[in-house]
Amino acid sequence: MPEGLEAFRALARAGEDLFRLHADYEELELWPLEVEEAPGAPEDPYQHFRIEQPRLDAAKRVIRYNDWITIRGLPEAAFTWRPGGYGPLEWIVRYWRVATKVEGPPKRRIIWDPNHVLRDTQNSRYLLELVGKAVRASVKTQEILASMDACIDRLKSADITDLPLLVTTRQT
C-alpha cells in the first residue's frame, strides 16, 4: 500500500477513535484516582459525595472535591490538553459548584446544583467518577492527537498523488 494512503487511513482511524472517545466518555474506564477521605464525613452517600465548590491545585495535581474528599496523584497529562482555553478538570471545578443567580424583573432565583445528577442517576459517586473519566479522556485524547500528528507528518512527506480522489457533489 502506498505510504500516503496508509497514513491517510491511519489518520481517519485516529479521527474515528477520537470521536468515539468524546461521544462515549461516560462509558470510559475510570482513571485510577487516589481518593483520600477525612474522618467525619456524612454517612448518607448522597451527602458524602455532594459537591459545593471544588478546588483545583494544578501545580500539586490535586482536587479538593469537598470538605472531606481530596483527589491526589492526577497525571500531568490531565492538565495539558486545554480545548477552549482550559482543561476538563478546570472546567469541572469551574462549573460543578452550587450557585445561585437572581434574574428579573420579576426577581427569580435560579439555583444551579450539579448534585441533582447524583440522585437522577441513582449513583452517589457519579461526579467523583466523572473526574476519573475526564482524566482518562484527557490522557487518551493526547495519545490520539500525537498519533494524528505523526500521520500528518507522514502525509506531508508522502507522494499524495496515490490517494483516492474524493469528489463531492452538491444538489441544487
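One can find the structure itself at the top, above this paragraph.
Residues numbered from 1 in each chain as written. Predicted model: local features only at pLDDT ≥ 70, side-chain atom pairs only at ≥ 80, totals over all residues. Heavy atoms only, no water.

Chemist: What's the story with the overall build of the protein chain in this structure? I'm lost.
Modeler: Within the protein chain, the secondary structure is distributed over five helices and six strands. Overall, the protein chain shows an N-to-C arrangement of helices and strands of α-β-α-β-β-β-α-β-β-α-α. Radius of gyration (C-alpha) of the protein chain: 22 Å, far over the 16 Å computed for a compact globule of 172 residues. Once the C-alpha set of the protein chain is aligned to its principal axes, its extents read approximately 65 × 45 × 30 Å. The proportion of buried residues among the 172 residues of the protein chain is 33%. For the protein chain, long-range pairs separated by at least 24 residues make up 65% of all intrachain contacts whose partners lie at least 6 apart in sequence. (Helix = DSSP H or I, 4+ residues; strand = E, 2+ residues; numbered from the N terminus. Rg over C-alpha atoms; globule rule 2.2 N^0.38 Å. Buried < 20%, exposed > 50% of the residue type's maximum accessible area, 1.4 Å probe, protein only. Contact = heavy atoms within 4.5 Å.)

Chemist: Is there a simple way to think about the packing of aromatic side chains in this case?
Modeler: The geometry of an aromatic ring pair comes down to the distance between the two centres and the angle between the two planes. For the coordinates displayed, the defined rule picks out one aromatic pair. Taken together, a centroid distance of 5.4 Å and an interplanar angle of 40° make the contact between Trp91 and Tyr95 tilted. Note that Trp91 and Tyr95 are positioned in helix α3 (residues 88-95) at a spacing of four residues, about one turn of the helix. Directly above the ring of Tyr86 sits Arg94, whose terminal nitrogen or CZ lies 4.7 Å from the centroid. One residue, Arg119, lies across the ring of Tyr46, its end atom 4.2 Å from the ring centre. (Phe/Tyr/Trp six-rings, centres within 6.5 Å; stacked < 30°, edge-to-face > 60°. Lys NZ or Arg CZ within 6 Å of the ring centre and 35° of its normal.)

Chemist: What should I look at first to understand the layout of surface pockets in this one?
Modeler: Regions of empty space are outlined by a rolling probe, equal in size to a water molecule, passed over the atoms. In this structure, the largest pocket occupies an estimated 310 Å³ of space. As for the largest pocket, its lining consists of 14 residues, and the residues nearest its centre are Tyr25, Trp81, Pro88, Ala134 and Ala137. For the lining of the largest pocket, the secondary-structure elements that each account for two or more residues are α1 (3-23), α3 and α5 (126-157). Counting residues per element, the lining of the largest pocket draws most heavily on α5, at five residues. Taken together, the residues of the lining of the largest pocket sort by class into 11 nonpolar, three polar and no charged. Of the pockets and cavities examined, the second largest pocket occupies roughly 160 Å³. Looking at the lining of the second largest pocket, the elements with two or more residues in it are α3, α4 (116-120) and α5. Here the lining of the second largest pocket is built from residues that sort into nine nonpolar, one polar and two charged. (1 Å grid on protein atoms, 1.4 Å probe; cavity = no way out; pocket = protein on both sides within 12 Å on 5 of 7 lines; lining within 4 Å. Points joined across faces, edges and corners; volume = space filled by probe spheres on them. Nonpolar A, V, L, I, M, F, W, Y, C, P; charged D, E, K, R; others polar.)

Chemist: Is there a simple way to explain the pairing of strand β4 (residues 69-72) in this structure?
Modeler: Sheet faces and side chains relate simply in a regular strand, where the side chains alternate between the two faces. Sheet topology note: the strand β1 (residues 34-37)/β4 ladder contains four bridges and is antiparallel. Bridge pairing in β4 places Glu34 opposite Arg72. Where strand β3 (residues 62-64) lies against β4, two bridges are found, and the strand directions are antiparallel. Pairing of Arg64 across the sheet is with Thr70, part of β4. Where β3 folds back onto β4 in an antiparallel hairpin, the turn is made up of four residues. (Pairing = 2+ DSSP bridges.)

Chemist: What is the right way to look at the sheet that holds β3 in this model?
Modeler: Two modes of strand pairing occur in sheets, parallel and antiparallel, and in both the strands are linked by backbone hydrogen bonds. In spatial order, the strands read β1-β4-β3-β2; together these four strands make up an open sheet with antiparallel pairing. Strands at the two margins of the open sheet, each flanked by one partner only, are β1 and β2 (55-57). Averaged over all pairs of adjacent strands, the angle between their axes in this sheet comes to 20°, without regard to strand direction. Against the sheet, α3 engages β2 and β3, with an angle of about 150° to β2. (Axes fitted to C-alpha atoms, helices over the stretch in contact; angles between N-to-C directions.)

Chemist: Where do I start with the side chain of His48 in this structure?
Modeler: Within the fold, His48 resides in helix α2 (residues 45-48). One polar contact links the side chain of His48 to the main-chain carbonyl oxygen of Pro42, over a distance of 3.2 Å. Sequence-distant contacts of His48, that is, excluding residues within four places in its chain, are made with Glu37, Ala41, Pro42, Asn66, Trp68 and Ile69. (Polar contact = N/O pair within 3.5 Å; in protein donor to acceptor, adjacent residues only side chain to side chain.)

Chemist: Hey, could you run me through α3 in this one?
Modeler: Each full turn of the α-helix corresponds to 3.6 residues, which orients residues three or four apart in the same direction. Burial in α3 covers these residues: Pro88, Leu89, Ile92 and Val93. End-on, the buried residues of α3 take up no more than an arc of 135°, which puts them together on one face. The inward-facing, buried residues of α3 contact β2, β3 and α5. (Arc of directions from axis to C-beta.)

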